[in-house]
Amino acid sequence: MKPEVIYRTVGSCDVEVPGPFCLVVFGASGDLTRRKIIPSVYRLYRNRLLPDNFFIVGTARTEMNDSDFRDSMRDAVRTAFPEDFDDNLWLEFTKKIYYIQVDYGEINSYKSLKERLVPLEGRYNTMGNRIFYLAIPPAVYETVILNLGSSGLSKECGGYTHVVIEKPFGRDLESARKLNAVLKRCFKERQIYRMDHYLAKETVQNILVFRFANSIFEPLWNRRYIDHVQITVAETLGVEHRANYYEKAGVIRDMFQNHIFQLLALTAMEPPSVFEADRVRDEKVKVFRSIRPFPLDRLQDYVVVGQYGKGRIADKEVVGYREEHGVSPDSTTPTFAALKVFIDNWRWNGVPFYLRSGKRLSRRKAEISIHYREVPHIMFAKTIRDSIEPNTLVLRVQPDEGISLIVQARTPGSRVCLNRVVMDFTYQKVFFLDAYERVLLDCMQGDQMLFVREDGVELTWALLTPLIEKLESETRPEKFPNYASGSSGPDEAELLLKKDGRVWRAL
Ligand code: BG6
């Protein structure tokens, strides 16, 4: 008999409560566990979105006992929710948290983990459902995955076994393929959850609903009406404490291969026949297959990279990238990139997609803007001086989440004076599941819609690896820094569009 599905209403949201589970977090002493994973599980618990039967086991190399780990997680959750941390609730929650020290490369550690899990699973009646969350440095992914396999922990016995892998998923095509091969030795594709937290943002999930649950946009969503598309993910933050990773990654690996290409796919894909994980992922993959490879001999017409120098953000002086802790003084790592991309298919032939992302820009902003063609004939030519601004539809991912449509209207009282009018929809400040809460719930429910499939990850790397390699071989230290912190990026990025007779939307 199938267990009854329970829904809970939080704010205006109906959320399905998953079945019993055990969550094993590898990398439990790390930053991601403290900042995101445990606070997200706690918030789900506080909102009564978790079943009664679950427990969490943290594992890491650090020597700690259950009580040390619980104390450190209490501090982490308090920091994440300073205003509404509930001591009584924490006392209930904390009893479900355990810790076991492991040596990632030592098979005996996995045997001990199994020995610890089995009685807990009996006590919490979690029906064999296990989630292994790899919040560990990529350098140990393969070791942990292979040991999960060799110890038998990857097998499903009675319930499900899911493995969640954080980005970066490889650093080029070859390493991504290798990682996929290692995963496939131990897990089936349906057990693998490759994370991209952008996909779990409410506003990103809304892209498909907006496109395919409204009949008025779809007929206009193609080359006949659209002049070009812009996708921007701008940050004011710098590299923070992550130079060790970022120096070897750079913005194209960090933001484009995953988040921005996912936004591109959701914007450009065809409607799937049903709203199911694999049908949606099939359509996204078709977009990646249709992206025209970057012409490596004419990259200047398609790609601009930059690195931030010193400047001002929110009225504070900030240092340049090369002065950040852990960054080489002559680093050539890009912190900004703008790319022009073409999708060679029937719908998008000839329509450029301009993508940009950078750190230390003047504003934090993620949005997709659809720029419609100009009107074919301006009948007001005698009465208006300027050209008419074409319509733009803006999907605002963050902050100020919402949708705007920019249209022209007549200024009241004047002869024929046109005015830009913005029709605006803003998400009410209702209950939002945070991206990590969404991802955890979906993984517990076995829904892979918001996770990246093997072919998706390899296709994006296949497109970007030659570009990254070419840029890395050519970028000389003298080129950088080429934009000030707090600006809108390098001047060449403006030129990239100007050459095509277009401009970026203001940040
Ligand atoms: C991460 C990148 O994946 O996304 C970071 O590694 C970036 O460099 C972050 O800052 C941006 O995410 P968000 O949700 O803050 O827009």
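To be clear, the structure that these remarks concern was listed above.
So, here is what we can say about the structure in this document. (Residues numbered from 1 in each chain as written. Predicted model: local features only at pLDDT ≥ 70, side-chain atom pairs only at ≥ 80, totals over all residues. Heavy atoms only, no water.)

**Describing the layout of surface pockets**
Reported here for the second largest pocket is a volume of approximately 750 Å³. For the second largest pocket, the lining is made up of 26 residues, of which Val-17, Pro-18, Gly-19, Pro-20 and Pro-51 are closest to its centre. For the lining of the second largest pocket, the secondary structure elements donating two or more residues are strand 1 (6-10), strand 2 (13-17), helix 1 (31-46), helix 3 (87-94) and helix 10 (435-445). Residue classes in the lining of the second largest pocket are distributed as 13 nonpolar, 5 polar and 8 charged. (1 Å grid on protein atoms, 1.4 Å probe; cavity = no way out; pocket = protein on both sides within 12 Å on 5 of 7 lines; lining within 4 Å. Points joined across faces, edges and corners; volume = space filled by probe spheres on them. Helix = DSSP H or I, 4+ residues; strand = E, 2+ residues; numbered from the N terminus. Nonpolar A, V, L, I, M, F, W, Y, C, P; charged D, E, K, R; others polar.)

**Describing the site of the ligand**
Taken together, Lys-167, His-197, Tyr-198, Lys-201, Glu-235, Arg-242, Asp-254, Met-255, His-259, Lys-359 and Gln-398 make up the full set of residues adjacent to the ligand. The contact in question runs from an oxygen atom of the ligand to an N or O atom on the side chain of Gln-398, over 2.7 Å. If the ligand stood free it would expose 390 Å²; the protein chains cover 80% of that surface. Looking at the shell around the ligand, the element that brings in the most residues is helix 8 (residues 243-268), giving 3 residues. Across the shell around the ligand, the residue classes tally to 2 nonpolar, 3 polar and 6 charged. (Near = heavy atom within 4 Å. Polar contact = N/O pair within 3.5 Å; in protein donor to acceptor, adjacent residues only side chain to side chain. Areas by Shrake-Rupley, 256 points an atom, 1.4 Å probe, with all protein chains shown as cover.)

**A word on the sheet that holds strand 3 (residues 21-26)**
Whenever strands of a sheet pair, they do so through backbone hydrogen bonds, lying parallel or antiparallel. Taking strand neighbours across the sheet as the criterion, the 6 strands line up as 5-4-3-6-7-8 in an open arrangement whose pairing is parallel. Bordering the open sheet on either side are strand 5 (97-101) and strand 8 (192-194), each of which pairs with just one other strand. Taken pair by pair, the neighbouring strands of this sheet meet at an average axis angle of 20 degrees, ignoring direction. One ladder, built from 5 bridges, connects strand 6 (residues 130-134) with strand 7 (residues 161-165); its direction is parallel. Looking at strand 7, one finds that Phe-132 is bridged to Val-163. Lying over the sheet, helix 4 (residues 107-124) contacts strand 3, strand 4 (54-60), strand 5 and strand 6, oriented at roughly 165 degrees with respect to strand 4. The sheet strands contacting helix 10 are strand 3, strand 6, strand 7 and strand 8, and the helix crosses strand 6 at an angle near 140 degrees. (Pairing = 2+ DSSP bridges. Axes fitted to C-alpha atoms, helices over the stretch in contact; angles between N-to-C directions. Contact = heavy atoms within 4.5 Å.)

**Let's talk about empty space enclosed by the protein**
Under the counting rule described, the total for this entry stands at 4 cavities of 30 Å³ or more. Of the pockets and cavities examined, the largest cavity occupies roughly 110 Å³. Looking at the largest cavity, it is lined by 15 residues, and the ones nearest its centre are Met-195, Gln-257, Asn-258, Val-452 and Val-457. Residue assignment for the lining of the largest cavity shows that the elements contributing at least two residues are helix 8 and helix 11 (454-474).

**Looking at the pairing of strand 15 (residues 365-372)**
Judged by how many residues are buried, strand 15 sits mostly within the fold: 8 of 8 residues are covered. Neither face of strand 15 is left uncovered, since the one carrying Lys-365, Glu-367, Ser-369 and His-371 and the one carrying Ala-366, Ile-368, Ile-370 and Tyr-372 both have all their residues buried. Here 8 bridges tie strand 9 (residues 226-234) to strand 15, and the two strands are oriented antiparallel to one another. Across the sheet, Ile-226 pairs through a bridge with Tyr-372, a residue of strand 15. Where strand 15 meets strand 16 (residues 392-398), 6 bridges bridge the pair, whose relative direction is antiparallel. Paired with Ile-370 across the two strands is Leu-393, which belongs to strand 16. (Buried < 20%, exposed > 50% of the residue type's maximum accessible area, 1.4 Å probe, protein only.)

**As for the environment of Glu-374**
For Glu-374, the location among the structural elements is in the loop between strand 15 and strand 16. On the basis of relative accessible area, Glu-374 is assigned to the exposed category, the value being 56%. A C-alpha to C-alpha distance of 7.4 Å links Glu-374 and Ile-388, two positions 14 residues apart in sequence.

**Digging into the sheet that holds strand 19 (residues 483-485)**
Strands sit in the order 12-11-19 across an open sheet of 3 strands; the sheet is mixed. Bordering the open sheet on either side are strand 12 (316-318) and strand 19, each of which pairs with just one other strand. On average, each strand axis in the sheet is tilted by 25 degrees relative to the strand beside it, whichever way the strands run.

**As for the packing of helix 2 (residues 66-80) against helix 3**
Close contact between helix 2 and helix 3 brings their axes to 11 Å; oriented N to C, the two are set at 140 degrees. Judged on the interaxial angle alone, helix 3 and helix 2 are oblique. Read as a crossing pair, helix 2 and helix 3 show a hand that is right-handed. Where helix 2 abuts helix 3, its residues Arg-70, Met-73, Arg-74, Val-77 and Arg-78 lie against Asp-87, Trp-90 and Thr-94. (Parallel < 35°, antiparallel > 145°, perpendicular 65-115°, else oblique. Left-handed = near helix turned anticlockwise from the far one by under 90°.)

**Considerations on the state of the cysteines**
A complete count under the given rule lists 0 disulfides for this structure. Sulfur of Cys-22: no disulfide; nearest cysteine sulfur belongs to Cys-157 and is 11 Å away. Considering cysteine sulfurs only, Cys-157 is the nearest to Cys-186, which forms no disulfide, with 15 Å between them. (Disulfide = S-S within 2.5 Å.)

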